[in-house]
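Coordinate analysis (summary)
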Amino acid sequence: MEHAIAAAIESYHELNAAVVDELKEDPSPLEFMRYVARNRPFVVRRAAAEWDAVKKWDAVYLRQVMGNSPVNVAVTPLGNADAVVEQENGILIFVEPYERSEPFVDFLDYVQQEGEHSLSHERPRLVKYAQTQNDNLREEYQELFADVLKDIPFARIALEKEADAINMWIGNERSVTALHKDNYENIYIQVRGEKHFVLLSPMEMPCVNEQALCEAHYRPSKSHELRPHDELVIQCSTDELLPVPTWDPDNRDFRATRYSHLARPLRVTLKKGDMLYLPAMSVLRNPDI
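Here's what I pulled together on the structure shown here. (Residues numbered from 1 in each chain as written. Predicted model: local features only at pLDDT ≥ 70, side-chain atom pairs only at ≥ 80, totals over all residues. Heavy atoms only, no water.)

Looking at the secondary structure, you find His180 in strand E9 (residues 176-181). A polar side-chain atom of His180 sits 2.8 Å from the main-chain carbonyl oxygen of Ala178. (Helix = DSSP H or I, 4+ residues; strand = E, 2+ residues; numbered from the N terminus. Polar contact = N/O pair within 3.5 Å; in protein donor to acceptor, adjacent residues only side chain to side chain.)

Take the sheet that holds strand E13 (residues 232-245) next. Remark on secondary structure: sheet strands pair via backbone hydrogen bonds, oriented parallel or antiparallel. The mixed open sheet is built from 4 strands, whose spatial order is E5-E6-E12-E13. Looking at the sheet topology across the chains shown, the edges are occupied by strand E5 (83-86) and E13. Strand-to-strand, the axes of this sheet are offset by a mean angle of 40°, without reference to chain direction. Pairing analysis gives 10 bridges linking strand E12 (residues 210-220) to E13, with the strands arranged antiparallel. Counted as the bridge partner of Ala216 is Cys236 from E13. (Pairing = 2+ DSSP bridges. Axes fitted to C-alpha atoms, helices over the stretch in contact; angles between N-to-C directions.)

Glancing now at the pattern of salt bridges. By the definition in use, this model includes 14 salt bridges. In this structure, Glu86 and Arg255 form a salt bridge, with 3.4 Å as the shortest nitrogen-oxygen distance. Of the two residues, Glu86 sits in strand E5 while Arg255 sits in the loop between E13 and strand E14 (266-270), which places them 169 residues apart along the sequence. Its relative accessible area of 42% is what places Glu86 among the partly exposed residues. Residue Arg255 is classed as partly exposed on the basis of its relative accessible area, which comes to 22%. (Salt bridge = Lys/Arg side-chain N within 4 Å of Asp/Glu carboxyl O. Buried < 20%, exposed > 50% of the residue type's maximum accessible area, 1.4 Å probe, protein only.)

Let us now look at helix H4 (residues 59-66). Three or more residues of H4 are buried, namely Tyr61, Leu62 and Met66. The buried side chains of H4 occupy one side of the element, clustering within an arc of 110° when seen end-on. Residues of H4 that are exposed and point more than 90 degrees away from the buried face comprise Val60 and Gln64. Of the residues trailing H4, Gly67 is marked for its positive phi of about 55°. (Arc of directions from axis to C-beta.)

Our next topic: the pairing of strand E11 (residues 195-200). With respect to burial, E11 is a largely interior element, 5 of its 6 residues being buried. Summarising the sheet, E11 and E14 pair through 5 bridges and their orientation is antiparallel. Its bridge partner lying in E14, His196 is registered against Thr269.

If you trace the 4 strands from one edge of the open sheet to the other, you get E1-E2-E15-E10, paired in mixed fashion. The open sheet terminates on both sides in strands that have one partner only, identified here as strand E1 (21-23) and strand E10 (186-189). Direction aside, neighbouring strands of the sheet carry axes that sit 20° apart on average. Of the pairings in the sheet, the one linking E10 to strand E15 (residues 275-278) comprises 4 bridges and is antiparallel in character. Looking at the pairing, Tyr188 lines up with Leu276 of E15. Relative to E15, helix H2 (residues 29-38) is tilted by about 45°, and along the sheet it contacts E1, strand E2 (42-44) and E15. (Contact = heavy atoms within 4.5 Å.)

Put into structure tokens, the structure is as follows:
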């Protein structure tokens, strides 16, 4: 069985180049479905360059439009939202961020100031990240929704359905999403800054050392209003175990399986106006900039 799994991974890599295709323009619905069928990602550089969001969304504009509207913010000590954490006793747990609601302008100020603090010698501050996946651009951030397309035409036509959710995420260079997989087709648009993706195909699941871990959350250690340098503690949430990848393709020898050395991660960086198609069930890790 082990030989068969290794042979399957190696055969996959022989048939698929370890690169992300870059298209010159949006694909047709038929071309898009070919990528869906093959479970392969692609990038279209500057595909969204003419979107109002790409042209207009800077800090001044966002503050004017969103003002003090309350938004959901994920808070972690290291920017490692939804991440595997090893406790002092060596036990691994899956820790989700502490979530709170705060005025948008306060959140944006904090995220921008974080870059300045990261260059100083001060003790690192808590990391804040707007990362909800509950259709937040049509709910929390509905004032900004008019600045984006209502759907991606080639995807809507090919999949014969509208988007289940349209989300906006805001973070800085300390915001990192741990290795995980989604069970739906994703299309990402980079509006500002950069976002780095590390991708693995579903064929490489034996490489990621998936384990059943206890679910936990970060919680403030004190009852007063959370301050930038406060401590967050981990509190187990339930006895239910979750299947979670524990291997990191950027630290290949740590928590590796007998197949991890066979993985050939795809790496892509999105810049302003770029579009990425990420197939369902691909495994990804992505820090923001």
